[in-house]
Amino acid sequence: MNKNKNVDAEFGVDSRYKTKKERDADSVALMQSRLDRMKNLSEEDILRAKLLQLKLKMEKYLMEPVYDNKHHFTQFLVTYVDTIYSKRSDFAKDINVTANFLSKVINSHREPKEEFILKLMIHSEKVFKTISEFHNTVWYQVYYREKLRKRCRVKINGDL
Amino acid sequence: MNIVHVSTGTIFQVDILPVDELDFKLLTKARYFFSWNKEKGEEVYKLVIKGQKDILGLVSIERIPSEWRIHIRLLTVSKENKGSAKVYDKIAGNLITHVAKIAVEEFGEKACVSLRPKNAIANHYIKKYKMNRTGMTLSLEVPEILNLIKLYDEDE
């Protein structure tokens, strides 16, 4: 009998709060339990969560229209490096580029060469292996989307 | 993300998209169990097979940034996908995973998805999605939320 109930269990859930009192009580109790559980989170779980967050942000950037003038590629790169390494020079060493070159890319003083993006892609594939599927073109897509947008903007301004 | 055609085992890729104004006209209580029109103005998503329009499942959510939480207000599959004679499997799981992705994208390691199912079905959610229970509320947090996303992503 119970088994049949469970088969049907997913047809729907209505979990809308009926009253503010109910909602507030829920919020307080849930937050307390969560804070207790958060204390026991391992460093590895926190790292996995931060990297998955980065991946999802990159995918969102590729899906949605962008109107700002920010350096998205370098912002994502900084988040990636700083999430995994305490020193950026260690990342530079791991992908066999100089710390100076990495610094210039991060500060948008130099274009990342194709070889750099390739190394970044290989590094990311290894890092994300235990977290979530990380498509090997994501870094390229982010970089070229931003570049294309800037080119278009320059052309439009030039035409005007 | 994908769903499985139960009788043939065929896998279909799915899209989870925001519900638009026109969709609400199709969301009858007879097929989707709840009065979805009352959710107009909320953040509502539909699950469809890629390239098709028929809505197989729905979820409406509330973002609560002050608590790093996304609360599932309403979740359903379409009538023909309910129970042991369902046409497609994994609809609800995909919808919950979609909400989980929004939560992780927004809140990182503090991400939380919550819902309040009736007691009779709470155990099903706890068992299937490894949810935590606090009073009447079930929640999905790190690390379970990460494992769920990985599971449904790897199923590609």
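Parameters and conventions
Residues numbered from 1 in each chain as written. Chains lettered and ligands numbered in written order. Predicted model: local features only at pLDDT ≥ 70, side-chain atom pairs only at ≥ 80, totals over all residues. Heavy atoms only, no water. Helix = DSSP H or I, 4+ residues; strand = E, 2+ residues; numbered from the N terminus. Rg over C-alpha atoms; globule rule 2.2 N^0.38 Å. Buried < 20%, exposed > 50% of the residue type's maximum accessible area, 1.4 Å probe, protein only. Contact = heavy atoms within 4.5 Å. Areas by Shrake-Rupley, 256 points an atom, 1.4 Å probe, with all protein chains shown as cover. Lys, Arg positive; Asp, Glu negative; His and termini not counted. Charge placed at Lys NZ, Arg CZ, Asp CG, Glu CD. Buried area = accessible area lost by both parts, 1.4 Å probe. Salt bridge = Lys/Arg side-chain N within 4 Å of Asp/Glu carboxyl O. Polar contact = N/O pair within 3.5 Å; in protein donor to acceptor, adjacent residues only side chain to side chain. Axes fitted to C-alpha atoms, helices over the stretch in contact; angles between N-to-C directions. Parallel < 35°, antiparallel > 145°, perpendicular 65-115°, else oblique. Left-handed = near helix turned anticlockwise from the far one by under 90°. Nonpolar A, V, L, I, M, F, W, Y, C, P; charged D, E, K, R; others polar. Expected span 1.5 Å × (residues − 1). Pairing = 2+ DSSP bridges.

Draft legend 1. A look at the overall build of chain B. In terms of helices and strands, chain B carries 5 helices and 9 strands. Start at the N end of chain B and walk to the C end: the helices and strands fall as β-β-α-α-β-β-β-β-α-β-α-β-β-α. For chain B, the C-alpha radius of gyration of 15 Å lies close to 15 Å, the compact-globule estimate for 156 residues. Principal axes of the C-alpha set define a box for chain B whose edges measure 35 × 35 × 30 Å. Taking all 156 residues of chain B together, the buried fraction comes to 58%. For chain B, restricting intrachain contacts to residue pairs at least 6 apart in sequence, the fraction spanning at least 24 positions comes to 56%. Looking at chain B as shown, the accessible area adds up to about 6,700 Å², and 53% of this sits on carbon and sulfur atoms. Separation of charge centres in chain B, based on 24 positive and 21 negative side chains, amounts to 7 Å.

Draft legend 2. Focus on the interface of chain B and chain A. Listed as interface residues are 54 residues of chain B and, on the opposing side, 41 residues of chain A. Across the chain B to chain A interface the summed buried area is about 4,200 Å²; carbon plus sulfur atoms make up 55%. The three residues of chain B that bury the most area against chain A are Glu105, Glu109 and Arg116 of chain B, which together make up 17% of that side's buried surface. Counting across the interface, chain B meets chain A through 8 salt bridges. The residue glutamate 105 of chain B makes a salt bridge to lysine 57 of chain A at a minimum N-O spacing of 3.5 Å. Counting every contact that joins chain B to chain A gives 24 residue pairs in polar contact (both at pLDDT 80 or more). Only strand 4 (57-64), strand 5 (69-77), helix 3 (91-107), strand 7 (112-115), helix 4 (119-129), strand 8 (132-134), strand 9 (137-141) and helix 5 (144-154) of chain B provide two or more residues apiece to the side of chain B that touches chain A.

Draft legend 3. Geometry of the packing of helix 4 (residues 72-84) of chain A against helix 7 (residues 114-128) of chain A. All names here are of chain A. Following both chains from N to C, one finds helix 4 and helix 7 inclined at 45°, their axes separated by 13 Å at the closest point. Classified by the angle their axes make, helix 4 and helix 7 are oblique. Once helix 4 is placed against helix 7, the crossing between them reads as left-handed. The segment helix 4 lies against helix 7, with Phe73, Leu77, Tyr80 and Ile84 engaging Phe116, Ile117, Leu120, His123, Ser124, Val127 and Phe128. Residues that form the contact of helix 4 with helix 7 fall into these classes: 9 nonpolar, 2 polar and no charged.

Draft legend 4. Main features of unusual backbone geometry. In the segment running from valine 142 of chain B into proline 143 of chain B, the intervening peptide bond is cis, with an omega of 10°. Within the element layout of this structure, proline 143 of chain B appears in the loop between strand 9 and helix 5. Phi angles above zero are rare outside glycine, and asparagine 96 of chain A is one such case at about 60°. With respect to the secondary-structure elements, asparagine 96 of chain A resides in the loop between helix 5 (88-94) and helix 6 (99-106). Not every positive phi belongs to a glycine, and lysine 130 of chain B is a case in point at roughly 55°. Here lysine 130 of chain B shows up in the loop between helix 4 and strand 8.

Draft legend 5. Expanded view of helix 3 (residues 43-63) of chain A. Here helix 3 of chain A is 21 residues long and its end C-alpha atoms lie 30 Å apart, about the 30 Å a rise of 1.5 Å per residue gives. Residues Asp45, Arg48, Ala49, Leu51, Leu52, Gln53, Leu54, Lys55, Leu56, Met58 and Tyr61 of chain A constitute the buried set of helix 3 of chain A.

Draft legend 6. Here's a closer look at the pairing of strand 4 of chain B. All names here are of chain B. The buried fraction of strand 4 amounts to 7 of the 8 residues, a majority that puts the element mostly inside the structure. Relative to strand 4, strand 3 (residues 43-49) runs antiparallel, the two being bridged by 5 bridges. Along strand 4, the bridge assignment pairs lysine 46 with leucine 58. From the end of strand 4 to the start of strand 5, which pair antiparallel, there are 4 residues, and tryptophan 68 there has a positive phi angle of about 50°.

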